[in-house]
Amino acid sequence: MAWGIAACGHAQDSGGPLVKQIAAESAEYRRSLPNFSCEEEVKSSGQMAGTRKFSVKFGAVVRVVRSAEGKLSEEYALQRYMGKPTVVGERYPIPTYAEGGFGRGVPLIFAEENQRCFVYKEGRDRVQFQSRPGVTGCVEPPSTKGVAYVDASGRLLRGETHREPMDAVRAGMTTLTKVDYGTVELGGKEYRMPVKMYAEIKAGSVVKTFEARYSGCELFKVSVTVKDVREP
């Protein structure tokens, strides 16, 4: 299939109006997003050609924390596995787990500091993107391409990202990711955040998939306890 969009679209060497709007929202998100947690419901599967698919369902709490440098990190804690509460110390096999939806993903592809790495094509309700040939020092591999869908006001609705399998393996990324975005209020402020994610990893004859829904997002505080501190 040829790369391109409808005749109403146009190529952008630098960001057009929609690119600039998504970039501004991405910058504000990364600048002001507080520490928070969300409930996560997941279906994860793995299959090798000629074998039976291994699939599990589990529930977890995802915590997103901002570091002193401003980077967002994610960690998850299992709460339920195949419909039953988890037990501390027990092992629960999971075919694959995809993280980074809250801290990375499509919004970073539009970030001002990353725009040199991409060519954009804007349409009425979407922006297609593709890695710019010959540019080095980019986080995304050369085969990265995809599309961001926006609503009438230019807010991000959905993002899809595709990568060639070899590129994805080298970069430790997915071959396909689809993320639906919704409005979530945290600390009295609204953010566009993932509410649903589908990720796929293809490597040779192995295919792994990850489907997640997020809900119940709320603020939480990170505390540090210092013990045995004595006055001089």
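See above for the structure.
What this report covers is the structure whose coordinates are included nearby. Counting of residues starts from 1 at the beginning of each chain's written sequence and follows it residue by residue. Given that this is a predicted model, residues contribute local features only at a pLDDT of at least 70 and side-chain atom pairs are listed and counted only at 80 or more, while totals for whole chains, interfaces and linings are drawn from all residues. Side-chain figures throughout are based on the complete set of non-hydrogen atoms in the structure, without hydrogens or water.

## What to know about the packing of aromatic side chains
Any pair of Phe, Tyr and Trp rings, taking the six-membered ring for Trp, is counted once the centres come within 6.5 Å. Such a pair is stacked with planes under 30 degrees apart, edge-to-face with planes over 60 apart, and tilted for the rest. Summed over the entire model, instances satisfying the criterion amount to 11 aromatic pairs. Taken together, a centroid distance of 5.4 Å and an interplanar angle of 75° make the contact between phenylalanine 36 and phenylalanine 102 edge-to-face. Residue phenylalanine 36 is located in strand β2 (residues 36–48), and its partner phenylalanine 102 is located in the loop between β5 (84–85) and α2 (106–109); the two are separated by 66 residues in the primary sequence. For the pair phenylalanine 36 and phenylalanine 102, one class covers both residues: buried. Through a chain of ring-to-ring contacts, the aromatic side chains of Phe58, Tyr76, Tyr97 and Phe210 assemble into a single cluster. Note on conventions: DSSP H or I runs of at least 4 residues are helices, E runs of at least 2 residues are strands, and numbering of each starts at the N terminus. Throughout, exposure labels follow a simple rule: accessible area from a 1.4 Å probe, protein chains only, divided by the maximum for the residue type, with under 20% read as buried, over 50% as exposed, and the rest as partly exposed.

## What about the nonpolar core?
To define a nonpolar core, start from buried Ala, Val, Leu, Ile, Met, Phe, Trp, Tyr and Cys residues and group those joined through side-chain atoms within 4.5 Å. Among the nonpolar cores identified, the biggest contains 41 residues, and Leu33, Phe36, Phe102, Phe110, Leu186, Met193 and Phe210 are the most heavily contacted of them. The contact rule is simple, with two residues in contact once any of their heavy atoms fall within 4.5 Å. Not counting chain neighbours up to four residues away, the residues in contact with phenylalanine 110 comprise Val19, Ile22, Ala23, Gln115, Tyr120, Val127, Phe129 and Ala148.

## Some points on the pairing of strand β8 (residues 145–150)
Where a strand is regular, its side chains alternate between the two sheet faces. Here strand β7 (residues 126–131) pairs with β8 via five bridges, running antiparallel. Bridge pairing in β8 places valine 127 opposite alanine 148. Pairing between strands is defined by DSSP: at least two bridges between them are needed. Alignment of β8 against strand β9 (residues 156–162), held across six bridges, turns out to be antiparallel. Note on β9: the bridge partner recorded for lysine 145 is histidine 162. From the end of β8 to the start of β9, which pair antiparallel, there are five residues, and glycine 154 there has a positive phi angle of about 90°.

## Overview of the state of the cysteines
For this text, the term disulfide refers to a pair of cysteine sulfurs within 2.5 Å. Overall, the coordinates contain two disulfides when judged by the stated rule. The disulfide bridge from cysteine 38 ends at cysteine 217, spanning 1.9 Å between sulfur atoms. Because the torsion about its S-S bond is 110°, the bridge between cysteine 38 and cysteine 217 counts as right-handed. Of the two residues, cysteine 38 is situated in strand β2 and cysteine 217 in strand β12 (residues 206–219); the sequence distance between them amounts to 179 residues. By the burial criterion, cysteine 38 is buried, and cysteine 217 matches it. The disulfide that involves cysteine 117 links it to cysteine 138, with 2.1 Å between the sulfurs. Taking the sign of the S-S torsion, about -95° here, the bridge from cysteine 117 to cysteine 138 comes out left-handed.

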